[in-house]
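The lines below spell out each chain.
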Protein chains: 2
Amino acid sequence: MGHWSGAVGGRRTLIVTTTNLAPSRVLADLDAHLEGDLEALFDLVRIPSVSADPQRGSDVRAAARLLATRLGAAGLDEVALLESDGHPVVSATWRHAGDAPTILIYGHYDVQPPDPVDRWETPPFEPTVRDDRVYARGVSDDKAPMSIALDVVASYLRVEGALPVNVVFALEGEEEIGSTSLAAVLAAHPDRFRADVVVSADGAMWRADHPSTMHSARGLLALEIDLSTASKDLHSGRHGGSVPNAIHALARLVAGLHDDGGGVAVAGFYDDVVAPTTALLAATHALPFDERAYLSEIGAATTWGEPGYGTLERQWYRPTLEINGMWGGYLGTGPKTVVPCEAHAKLTCRLVADQRPDRVFELIERHLLEHRPHGSRVHVTRHGEGAGAYHLHAAHPGLRAVLGALRATYGVEPWVVGMGGSVPICETFQRALGIDTVFFSFAVGDEDIHAPNEFFRLERLTHGRHAWADLLARLPLEFGA
Amino acid sequence: MGHWSGAVGGRRTLIVTTTNLAPSRVLADLDAHLEGDLEALFDLVRIPSVSADPQRGSDVRAAARLLATRLGAAGLDEVALLESDGHPVVSATWRHAGDAPTILIYGHYDVQPPDPVDRWETPPFEPTVRDDRVYARGVSDDKAPMSIALDVVASYLRVEGALPVNVVFALEGEEEIGSTSLAAVLAAHPDRFRADVVVSADGAMWRADHPSTMHSARGLLALEIDLSTASKDLHSGRHGGSVPNAIHALARLVAGLHDDGGGVAVAGFYDDVVAPTTALLAATHALPFDERAYLSEIGAATTWGEPGYGTLERQWYRPTLEINGMWGGYLGTGPKTVVPCEAHAKLTCRLVADQRPDRVFELIERHLLEHRPHGSRVHVTRHGEGAGAYHLHAAHPGLRAVLGALRATYGVEPWVVGMGGSVPICETFQRALGIDTVFFSFAVGDEDIHAPNEFFRLERLTHGRHAWADLLARLPLEFGA
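Please read these numbers as outputs of a predicted model, since none were measured by experiment.

To continue, consider the overall build of chain A. If you tally the helices and strands in chain A, you get 15 helices and 18 strands. Taking 23 Å as the expected radius of gyration for a compact globule of 481 residues, we find that chain A reaches 24 Å, a close match to that expectation. Split into buried and exposed, the 481 residues of chain A put 60% on the buried side. Sequence-distant contacts, at least 24 apart, represent 80% of the contacts inside chain A between residues at least 6 apart. Here chain A has roughly 17500 Å² of accessible surface; of this, 50% comes from carbon and sulfur atoms. Positive and negative charge centroids in chain A, built from 41 and 62 side chains respectively, lie 3 Å apart.

What follows is the structure, given as structure tokens:
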């Protein structure tokens, strides 16, 4: 955790070569096995491992067993389904690299529900290749990116009989439902999961046309407001104009959460915000970002937000308070002459270092209670614990290794970007193992993950396999082993 | 319509007696026929004449035919079902009273749907007597109040062979769906409907413990706001804090429709509002109204509204702008990390003289477009034409006759109250026939009309029949015939 620091991509690394560091036999082996590995990926994608659906419990377990089989066939040790209250964590180790660093390879084998199914052009659990893309639920999030790591480890062991680093896998089945059991499984097996860094196959690059990784993710806090003004809905003919209206009261309350300029008006909200350094802001500013193209893509007329910051700065380095839903009164067709007695709103905040979910919840709850309009009763409920922000030091050897592997694969200087979303597993790994997470995914943020017609770009499979092969060879150098 | 004028109940009328003016033979006849008339009412109530339900078309027509049969049996002339694009208007005349005024007796034979049916303690179309109340859908709104008028006319013709006034009936079958065809039927039969005043059996007294009638009703305008900020919902991780949020924008817009004090902030909104006179306000202030009991009844902590007015003044004499519904984004269980791209709100205004729905719609639309938050697109849709406010002059002879009949029946000074709701038929009769409407209903506003377990107080049947008998005798005196 801690503060924003360092410039993005501006630091000299130990390794400046753009030659792939993996043994050429490994790279050749990976290419030779591409078709067979692709078939294995398709077998995994065909399993509808929807963790949110209790009816799919046996499918989720089938996906876990398939991965365990692959890890065993690759020659890893201690292959196990580590049981929990939910779905198991698939794990295996290989600890024969002596003083070389140990990396924990993270991925997840569960997927989002395929709904709405009728919006899919081809069946969600039948992987289909069109225009050099594979379409299927979960192929981008996270089955293909995760399979890349497995295939590369298998190739090293097949060709070299050894890996350049020590490895432990933690492939969970509950990422799409909040990684509920992961912390308990890590805590129950402290020796197994001892490592120097987490390399996450989950995550996504910023854009398809340039390699990137992430140095930060915002935290999350979710809450709900219930406001009432009377014990029943009232006829607007008899009562209208003389008693508080719950929707109007909630609209006032919600409108007052931001000031006119676009900043969050909750007292103390920005107290624990650590501003990004001038260097980081300059590097972010240097990234190619076409605001007009962005607005056109989302169909918006203008950007909006906290004054004094650009769009990427607002998305990556500044905290937010968003209204995700609001409702009250009559929602049907035509008019209904009612004075509604209750109204509701859902809110989430994205947090940045060093904002803590507990503290921010207290501040917002206090604001809502203090500012509730005359005659209204307000109750605030918190959804879950949320998560703090995550930030990786610019000099972290894992980050340097990731950048080196991307440079060797793509021949260009990779971008290091912030992430507006939240990755609670980073905090889980920090708390359980005391180590940082680097992101090394070959998915792209535009691949309709969580939506119909999710896809993965086939060419990224080859890129990813070469890059992972390089990364495993590069990590010992960056860690100074 | 005109301006607020005169004091309520403070004017001396020509007729100060509290003796019932009807011939004693008529009153005795009504009492003798009470049981049989009640059976006839029950037959009418058993017909499920739900105008909103296309499946109930033949039932609605059956109710119309039953009424026509009763009017014919009573000895009225020109009995007819006047056809329209919707349900027929049941009409009949009796024009043998020479120079005496002509009254148009208004009522409606259609009823609200009985839903939710499982909340009824006894079947909605099987009239059931419990605790001196009749429970059934439509019994209070408007079958019992309307039957009272028919029974009294029948009794006069049976006993006296004549009525003290000329009479024309207009009993419609579309009141519960907006009186859509009434204006066209009135226009198609100008000679038939020529009259001096409408006496409406529809409406309801303010309270069960004191007789009252109404001198005014507020008008109505309904509209809907659609606001959008982007072409699709956006992930709050990637985009949060950097683009407009449709719910937040709509909350700001909706919150700005009122000023901090509770007044409507739309420029020009109050321009055509005619303030009630000091005398009217004083009379209203003199009405017994226990604000704490009212708040306790509706479960509200406080009243709220336009500064400078009391609760009854706000409900009866001041215009309103209410938010009836609002929604956007995710409304399901738990959190969803989305920046919603669209949000919606439903609004209605209650209008007072001389506010016109067209003009007020223009003002609100202009306000919404001018105040829309940066980056939001706003579309405003109007629901239907709405209705202007209705106001009856305090010296209207019809109102004086109604007050006299109530005084003669109850032996106390009746209240003349405002009505917060809207009665579009008043405007229809004004426009089509150039005459005012007085309200003479023996329902009470608390009889769960439009809700499960609608009921009518049995004792009000006797009160109403004696009062209508008096009213018919009193009208020629007040109209100076």
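If you look at the biggest cluster of nonpolar residues, it comprises 99 residues, and the most contacted ones within it are Phe440 and Trp468 of chain B. In terms of residue count, helix H4 (residues 139-159) of chain B provides more of this core than any other element does, 11 residues in total. In this structure, Leu104, Leu157, Phe169 and Phe429 of chain A belong to the second largest nonpolar core, which totals 98 residues.

Across the boundary between the two partners, chain B contributes 71 residues, which contact 71 residues of chain A. Both sides of the chain B and chain A interface together cover about 5700 Å² of buried area, and 53% of this is carbon and sulfur. When the buried surface of chain B facing chain A is broken down by residue, Arg238, His248 and Trp304 of chain B rank first, second and third, together holding 11% of it. Between Asp260 of chain A and Arg252 of chain B there is a salt bridge, with its nearest N and O atoms 2.7 Å apart.

A separate point is the domain arrangement of chain A. Residues and elements named next belong to chain A. Taken domain by domain, chain A consists of domain 1 (24-216 + 389-478) and domain 2 (219-273 + 319-385). Here the C-alpha centroids of domain 1 and domain 2 sit 39 Å apart. Each partner contributes residues to the interface: domain 1 has five residues there, and domain 2 has seven residues. In total, about 450 Å² of surface goes out of reach between domain 1 and domain 2, with carbon and sulfur atoms giving 40% of it. A per-residue breakdown of the area domain 1 buries against domain 2 is headed by Ala389, Ser422 and Glu427, which together make up 77% of the total. Linking domain 1 with domain 2 are one salt bridge, by the criterion used here. Arg356 serves as the salt-bridge partner of Glu427, at 3.2 Å between the closest nitrogen and oxygen. At the boundary of domain 1 and domain 2, one finds three residue pairs in polar contact (both at pLDDT 80 or more). Of the residues that constitute the side of domain 1 that touches domain 2, the class distribution is one nonpolar, three polar and one charged.

Of the transformation placing chain B onto chain A, the axial shift is 0.3 Å and the rotation is 180°, giving an RMSD of 0.3 Å. This pairing of chains is accounted for by a two-fold axis. Interface overlap between copies: 100% of the residues of chain B at the interface are likewise at the interface in chain A, consistent with a symmetric, same-surface contact.

Right, let's get into the sheet that holds strand S18 (residues 455-457) of chain A. Residues and elements named next belong to chain A. The strand order S4-S5-S18 describes an open sheet built from three strands, whose pairing is antiparallel. The outermost strands of the open sheet, each flanked by one partner alone, are strand S4 (128-130) and S18. Direction aside, the axes of adjacent strands within the sheet are offset by 30° on average. In terms of strand pairing, strand S5 (residues 133-135) meets S18 through three bridges, oriented antiparallel. In the sheet register, Val134 faces S18, and the bridge partner there is Phe456. Here helix H4 (residues 139-159) sits on the sheet in contact with S5 and S18, set at roughly 40° to S18.

What counts, and where the lines are drawn
Residues numbered from 1 in each chain as written. Chains lettered and ligands numbered in written order. Predicted model: local features only at pLDDT ≥ 70, side-chain atom pairs only at ≥ 80, totals over all residues. Heavy atoms only, no water. Helix = DSSP H or I, 4+ residues; strand = E, 2+ residues; numbered from the N terminus. Rg over C-alpha atoms; globule rule 2.2 N^0.38 Å. Buried < 20%, exposed > 50% of the residue type's maximum accessible area, 1.4 Å probe, protein only. Contact = heavy atoms within 4.5 Å. Areas by Shrake-Rupley, 256 points an atom, 1.4 Å probe, with all protein chains shown as cover. Lys, Arg positive; Asp, Glu negative; His and termini not counted. Charge placed at Lys NZ, Arg CZ, Asp CG, Glu CD. Core = buried A, V, L, I, M, F, W, Y, C linked by side-chain atoms within 4.5 Å. Buried area = accessible area lost by both parts, 1.4 Å probe. Salt bridge = Lys/Arg side-chain N within 4 Å of Asp/Glu carboxyl O. Domains from an automatic or database assignment. Polar contact = N/O pair within 3.5 Å; in protein donor to acceptor, adjacent residues only side chain to side chain. Nonpolar A, V, L, I, M, F, W, Y, C, P; charged D, E, K, R; others polar. Least-squares fit on C-alpha atoms with pLDDT ≥ 70 in both. Pairing = 2+ DSSP bridges. Axes fitted to C-alpha atoms, helices over the stretch in contact; angles between N-to-C directions.

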